[in-house]
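Chain residues, written in single-letter form:
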Amino acid sequence: MNNSNLFWVFILALWPWASCFSQQETIETVRGPIEVSALGFSLTHEHVMSNFGKPQGSTSVYDEESLFKQVLPYLKRLKSLGVDAIFDCTTAYFGRRIDLLKKISEQTDINIITNTGFYGGANDKYIPQLAYRKQAAEIAEIWINEFENGIEGTSVRPGFIKLAFDSGTPSEIDLKLFEAGVLTHLKTGLTLAVHTGENIEAAKSEMHLLEKNNVHPSAWVWVHANKVTEDKPLLDAAKKGVWISLDGVNETNYKNYAQRIQNFKKKQLLNQLLLSHDGNGFPAGGTIRSFDAIVKFLIPELIALGFTPKEIDLLTKENPQKAFLPSIKLIRDKN
Ligand SMILES: [Zn+2]
């Protein structure tokens, strides 16, 4: 065998390893996959736009001219303030529009990560009828198909799973959707971002269902965890590996957030926190619910409290990368 043949034998032997490695290190954006390490400064729970509040049948319709006029300059300004990526939490049936997100991302150069899943909050207003008829595994098939083949005939694939619980004892449908989400995770490695808020009972059900399916708590983001008034349940969950999303930052409450983040720092749990605003660039055509308070107010406040640049990077760059890197997270190997 000459040297050139040897070279090719070597390359072919490495190929499966190389492709396996690259699969694990990329995340899907609306402009295609990127290296997770290229995400940069990320806001993990925002809405570029949504039609929340409108009837389910009309949520995919936007006044596109007004939308672009409002959202494009706003996102360009965010980009100039240092925001590189936005996880868009608007699901199908309340306003997800892949084609519009793609245009907005292209024109602002902000990476936008879209989602698969159905939104079980808002008293189930945005759950499609088909979800009631189908089994969890059949619903999971729809979401897995979006990941494997693209969303709505496009080549855009979701970067995470978005779900939600209503308040009170978890309903059958919300639990079924969560189970479908767990099955989707087991096939795709996508992280589950679940609107749970102050609903501790829902949080417990989620933990239980993850465990029942042998899925590690780090596959789950406790969305709107800031609504839990006591730190203890959040610190306990963080210790188990759950991602705690403090995602309601604005220009009036950022000092409370800074205090709360300090409490996580004291317990050495900064590595489980995600920060965002739950902002909205075009809420049912209305005025912007801002998502710039983290860069403008919270980070300067954290620096004033003695947070190091490394800790700020952990909160705004490293944690989002780790939380959303697609990988199937099991509690233990079952062999
Ligand atoms: Zn939201």
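Remarks on the coordination of the zinc ion
Reasoning step 1: Coordination of the zinc ion by the protein is provided by His45 (NE2), His47 (NE2) and Asp278 (OD), with metal-donor distances spanning 2.1 to 2.3 Å.
Reasoning step 2: Donor residues for the zinc ion, ordered by position in the chain, follow H-x1-H-x230-D. Both residues of the pair, His45 and His47, belong to the buried class.

Some details on the side chain of Thr116
Reasoning step 1: Considering the arrangement of structural elements, one finds Thr116 in strand 6 (residues 115-116).
Reasoning step 2: Judged by relative accessible area, which is 0%, Thr116 ranks as buried.
Reasoning step 3: Beyond its immediate chain neighbours, meaning those up to four positions away, Thr116 contacts Arg96, Trp143, Glu146, Pro158, Phe160, Ile161, Lys162 and Leu190.

Looking at helix 2 (residues 64-80)
Reasoning step 1: Over its 17 residues, helix 2 extends 24 Å from the first C-alpha to the last, a length consistent with the 24 Å expected when each residue adds 1.5 Å.
Reasoning step 2: Listed in full, the buried residues belonging to helix 2 are Leu67, Phe68, Val71, Leu72, Tyr74, Leu75 and Leu78.
Reasoning step 3: One or two positions beyond helix 2, positive phi appears at Gly82, with a value near 115 degrees.

What about the layout of surface pockets?
Reasoning step 1: By volume, the second largest pocket amounts to about 190 Å³.
Reasoning step 2: Taken together, 14 residues form the lining of the second largest pocket, with His47, Phe52, Phe94, Asp278 and Arg289 sitting closest to its centre.
Reasoning step 3: Residue composition of the lining of the second largest pocket, grouped by class: five nonpolar, six polar and three charged.

Cut-off values and rules
Residues numbered from 1 in each chain as written. Predicted model: local features only at pLDDT ≥ 70, side-chain atom pairs only at ≥ 80, totals over all residues. Heavy atoms only, no water. Donors = N, O, S within 2.8 Å, 3.2 Å for Na, K, Ca; no water. Buried < 20%, exposed > 50% of the residue type's maximum accessible area, 1.4 Å probe, protein only. Helix = DSSP H or I, 4+ residues; strand = E, 2+ residues; numbered from the N terminus. Contact = heavy atoms within 4.5 Å. Expected span 1.5 Å × (residues − 1). 1 Å grid on protein atoms, 1.4 Å probe; cavity = no way out; pocket = protein on both sides within 12 Å on 5 of 7 lines; lining within 4 Å. Points joined across faces, edges and corners; volume = space filled by probe spheres on them. Nonpolar A, V, L, I, M, F, W, Y, C, P; charged D, E, K, R; others polar.

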